[in-house]
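Remarks on the overall topology
Letter by letter, the chains look like this.
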Amino acid sequence: MTATAAPPPARDALNVSQTISEALAIEMQRDERVLLLGEDVARNGGVFGCTRGLLERFGEDRVRDTPISEMGFTGMAVGLAMAGFRPVVEIMFVDFIGVCLEQVYNAIAKIPYMSGGGYRMPVVIKTAGGLIGSAAQHSQCLWGLFAHLPGLQVVAPSTPFDYRGLMASAVETDNPVVYIEHKGLLLKKGRDFRNQVPVPEARYKVPIGKARVVRPGGDVSLVTLSAGVEHALEAAEVLAAEGIDVDVIDLRSVVPLDMETVTQSVTRTGRLLVVDEDYLSFGLTGEVITRTIEALGPSALQAVARHAVPDVPIPAARSLEQAVVPGAGSIAAAVRRLVA
Amino acid sequence: MNTGPTLERFRRMLEMRHFDEACLEGVPGFEIHGELHTGIGQEAIGAGMAESLRPGDAVVSTHRNHYHALAKGVALRPLLAEIFEKETGLCRGRGGHMHPFDPATNFSATGIVGASLPVALGYAYAYRLRGTDDVAIGVTGDGGVNTGGFHETLNMAGAWKLPLVVLVENNLYGISVPIEAVSATATLAERAAAYGAWGRKVDGTDPDTVADAFAEAVTHARSGRGPALLEATCFRFRGHFEGDHDNYRPREEKQRIRRDHDPLTLYRAKLTAAGVADQATLDALAAQGKAAMAALLAEVRADAQPEAAGALRYRFVEEA
């Protein structure tokens, strides 16, 4: 009997976690200053599998299982960056940021400025956000929180193609980047996305700060990101059957915020709905709407609305969760109200 | 090892004292318009560090950082200019006195108590990855030893045998709270045992004692045997910051500290008793140092503040 290697899976059978692992492997291969720190990233390959295979390939110095010491190992990234390395730090769930935000917002975000350009902070904070049925302390998005703190670039990709390409950009830039995955997407295969873009094997980058029109439409500008894009596309299909043509924009990053793409769309549609899985108040939805009004003037909008988590912790019970987190159904309803 | 006393250590302490006295001059007229934390009274620690530090080593300091910067070799002029909020400063006036960053000497600081230590750990890990024998020094006060980051840092450094020296300057008070009121251990150095670290407590008012112990701590860390925890006891002569009423310490205690525990006075006595120099020589050194610092201060004061048009620069690399 001859042993034969199993054929590699079809590219569109890769899930998001696998594409992230692929991205990290490519970046670590091309730049030996790149290294990975975090809980369960080495032996276990990440609790969502985003770092699987990296320990075997790059060794434990560069793929380091840390103790549960986020303040300690996030601070390590600061020293490593000042010493010339390019650390990727995994905060397993973004909800855990509370115990190490100090190093993120007082050190990583501010040192380039405080040092008058003397030091750069090529650090990626890679972390999983979003809904996964795990209630208040394991389901937040928090990109609005990071975006509020000056000095951080904040990305939240929606497709396997963007997860790969934005990770390449995040590792390559000398700016600090908070890279927020969505737990609801991590185990989803490329072929199961509505928003399908083939993921090439060769390295490529998706620029940070460029939004993408995912579905062109003329009646309503629907601006969202991360898992919200899939929900928006599902809603748009339903609405199309009702004769409502939705322009779906995937922001891809919160900082920088690509307002040019948004305002171009709003100029055509005159109606703006911003959908966000993060909290409603003082966040992305208000920011996008305000900047749109500042750019185009209030008369450019016939109708405007926002749909986000209404300032409440994410509940445990599914019935309650569905009541507060935007989904395809609630997004469609919000669009109908907007065009009514 | 018993080294000293030496004129060089005296000269270093003088420079640190004169430097902080020059900073004090910036407070009344709001040339330094925020908090200022001086190290007056704690100079023996800075002088004791200086001789063991190599250019490749890193020092990550605290809000009370001027004398550590001088010990690491940060240039006086840009440091003073940064503290005086000038465009010619080390960080172009963006950092200020609590946040000096000097890539040329691997010196940095943080204004957040205890936050220096994880950053120093990162340097230590970097040195391990590079396979050099450089060491990282994380400085904290007695306040920082009760943060979670202190534990996390020493635990990781111990688990991975990283070349880290944690230098604890125990000046007995975290602002107003006496360390003995909030520490479970009688000494801070004894906590080293929990992390498999080298640990020692020394008199931080004598630069010779500090220099010898610091050299041993650094040698330990350089040799790959893991972290060292050096506690140096000292006295803060002034309030926590300029403007602190410092009513939590009795007047008699503050008078006694200045009278009995001034590292410069003590070292003068040591130098003369050992016959290294006479009072007249030391007086002349002090006068020269003071004059040189006054000249530098006058120069720095004439520098311009950063232009308002540049207030948003340096947030991202595209703006640098």
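Everything quoted here is computed from the prediction, not taken from an experiment. (Residues numbered from 1 in each chain as written. Chains lettered and ligands numbered in written order. Predicted model: local features only at pLDDT ≥ 70, side-chain atom pairs only at ≥ 80, totals over all residues. Heavy atoms only, no water.)

Points about the overall build of chain A
A tally of helices and strands in chain A yields 13 helices and 12 strands. Against the 2.2 N^0.38 benchmark of 20 Å for 340 residues, chain A shows a C-alpha radius of gyration of 20 Å, consistent with a compact globule. The C-alpha extent of chain A, read off along each of the three principal axes, is 65 × 60 × 40 Å. Each of the 340 residues in chain A was classed as buried or not, and the buried ones make up 62%. Look at the contacts in chain A between residues 6 or more apart in sequence, and 81% of them connect residues 24 or more apart. With an accessible surface of roughly 12800 Å², chain A has 53% of that area assigned to carbon and sulfur atoms. Computed over 31 positive and 38 negative side-chain charges, the inter-centroid distance for chain A is 3 Å. (Helix = DSSP H or I, 4+ residues; strand = E, 2+ residues; numbered from the N terminus. Rg over C-alpha atoms; globule rule 2.2 N^0.38 Å. Buried < 20%, exposed > 50% of the residue type's maximum accessible area, 1.4 Å probe, protein only. Contact = heavy atoms within 4.5 Å. Areas by Shrake-Rupley, 256 points an atom, 1.4 Å probe, with all protein chains shown as cover. Lys, Arg positive; Asp, Glu negative; His and termini not counted. Charge placed at Lys NZ, Arg CZ, Asp CG, Glu CD.)

As for the overall build of chain B
Helix and strand counts for chain B come out as 11 helices and nine strands. Taken over the C-alpha trace, chain B has a radius of gyration of 19 Å; the compact-globule value for 320 residues is 20 Å, and the two agree within 12%. Counting the 320 residues in chain B, one finds 57% classified as buried. Long-range pairs, those at least 24 residues apart, make up 73% of the contacts in chain B with a sequence separation of at least 6. About 12300 Å² of surface is accessible on chain B, with carbon and sulfur atoms providing 54% of the total.

Let's talk about the interface of chain A and chain B
Of the residues lining the interface, 41 residues belong to chain A; the matching set on chain B comes to 38 residues. Carbon and sulfur atoms make up 67% of the surface buried where chain A meets chain B, a total of about 3200 Å² over both sides. Joining chain A to chain B, the criterion identifies zero salt bridges. Elements supplying a minimum of two residues to the side of chain A that touches chain B: strand 1 (34-38), strand 2 (63-65), helix 3 (70-82), helix 4 (101-108) and helix 5 (111-114) of chain A. If one sorts the elements of the side of chain A that touches chain B by residue count, helix 3 of chain A sits on top with 10 residues. Here the side of chain A that touches chain B is composed, by residue class, of 18 nonpolar, 15 polar and eight charged. (Buried area = accessible area lost by both parts, 1.4 Å probe. Salt bridge = Lys/Arg side-chain N within 4 Å of Asp/Glu carboxyl O. Nonpolar A, V, L, I, M, F, W, Y, C, P; charged D, E, K, R; others polar.)

Let's talk about empty space enclosed by the protein
Residue and element names in this part refer to chain A. By the definition in use, this model includes two cavities of 30 Å³ or more. In this structure, the largest cavity spans a volume of roughly 70 Å³. Looking at the lining of the largest cavity residue by residue, the classes come out as eight nonpolar, two polar and three charged. Reported here for the second largest cavity is a volume of approximately 60 Å³. Considering the residues around the second largest cavity, the lining is formed by W143, H182, T224, L225, S226, A227, G228, H231, V275, D276, E277 and P326. Those elements that place two or more of their residues in the lining of the second largest cavity are helix 9 (228-241) and strand 11 (271-279). Ranked by the residues each element gives to the lining of the second largest cavity, the list is headed by strand 11, at three residues. When the residues that make up the lining of the second largest cavity are grouped by side-chain class, the tally is five nonpolar, five polar and two charged. (1 Å grid on protein atoms, 1.4 Å probe; cavity = no way out; pocket = protein on both sides within 12 Å on 5 of 7 lines; lining within 4 Å. Points joined across faces, edges and corners; volume = space filled by probe spheres on them.)

As for the sheet that holds strand 4 (residues 136-141) of chain B
Through backbone hydrogen bonds, the strands of a sheet pair up, either in parallel or in antiparallel fashion. All names here are of chain B. The strand order 2-3-1-4-5-9-8 describes an open sheet built from seven strands, whose pairing is mixed. At either margin of the open sheet sits one strand with a lone partner, and together these are strand 2 (101-102) and strand 8 (198-203). Taken together, the three bridges between strand 1 (residues 58-61) and strand 4 define a ladder with parallel strand orientation. Residue pairing for strand 4: A58 is matched across the bridge by A136. Against the sheet, helix 2 (residues 43-50) engages strand 1, strand 4, strand 5 (164-170) and strand 9 (228-233), with an angle of about 160° to strand 5. (Pairing = 2+ DSSP bridges. Axes fitted to C-alpha atoms, helices over the stretch in contact; angles between N-to-C directions.)

A look at the nonpolar core
Grouped together as the largest cluster of nonpolar side chains are 134 residues, with contacts concentrated most on A:F146, A:V288, B:Y123 and B:I137. Tallying contributions element by element places helix 5 (residues 116-130) of chain B first for this core, with nine residues. Counting residues domain by domain, this core receives three or more from each of domain 1 (11-192) and domain 2 (212-339) of chain A. Setting aside residues no more than four positions away along its own chain, A:V288 makes contact with A:V223, A:L251, A:L257, A:M259, A:V262, A:L272 and A:V274. With 36 residues, the next largest nonpolar core counts A:F58, A:V177, A:F193 and A:A227 among its residues. (Core = buried A, V, L, I, M, F, W, Y, C linked by side-chain atoms within 4.5 Å. Domains from an automatic or database assignment.)

Details of the packing of helix 1 (residues 16-30) of chain A against helix 7 (residues 160-172) of chain A
All names here are of chain A. With their axes 9 Å apart at the nearest point, helix 1 and helix 7 run at an angle of 30° to one another. Taken together, the axes of helix 1 and helix 7 are roughly parallel relative to one another. When you trace helix 1 past helix 7, the crossing you get is right-handed. Between helix 1, through V16, T19, I20, E22, A23, L24, I26, E27 and R30, and helix 7, the contact on the second element is made entirely by P160, Y163, R164, M167, A168, V171 and E172. (Parallel < 35°, antiparallel > 145°, perpendicular 65-115°, else oblique. Left-handed = near helix turned anticlockwise from the far one by under 90°.)

Notes on the state of the cysteines
One pass over the structure, following the stated rule, counts zero disulfides over all chains. With no disulfide of its own, A:C100 has A:C50 as its nearest cysteine by sulfur position, at a separation of 17 Å. The thiol of B:C23 is unpaired, and the distance to the nearest cysteine sulfur, on B:C91, comes to 14 Å. (Disulfide = S-S within 2.5 Å.)

Concerning the domain arrangement of chain A
Residue and element names in this part refer to chain A. Taken domain by domain, chain A holds domain 1 (11-192) and domain 2 (212-339). Taking the mean C-alpha position of each, domain 1 and domain 2 sit 26 Å from one another. Every contact between the two is made by 26 residues of domain 1 and, on the other side, 22 residues of domain 2. Here domain 1 meets domain 2 over a buried area of about 1900 Å², counting both sides, of which 57% is carbon and sulfur. Summed over the three residues of domain 1 that lose the most area to domain 2, namely L131, W143 and S158, the buried surface amounts to 27% of that side. Taken together, domain 1 and domain 2 are joined by two salt bridges. A salt bridge links R252 to D162; the shortest N-O distance between them is 3.1 Å. At the junction of domain 1 and domain 2, the tally comes to 15 residue pairs in polar contact (both at pLDDT 80 or more). Among the elements of the structure, helix 6 (143-148), strand 5 (153-155) and helix 7 are those that each provide at least two residues to the side of domain 1 that touches domain 2. When residues of the side of domain 1 that touches domain 2 are assigned to their parent elements, the largest contribution, four residues, is made by helix 6. (Polar contact = N/O pair within 3.5 Å; in protein donor to acceptor, adjacent residues only side chain to side chain.)

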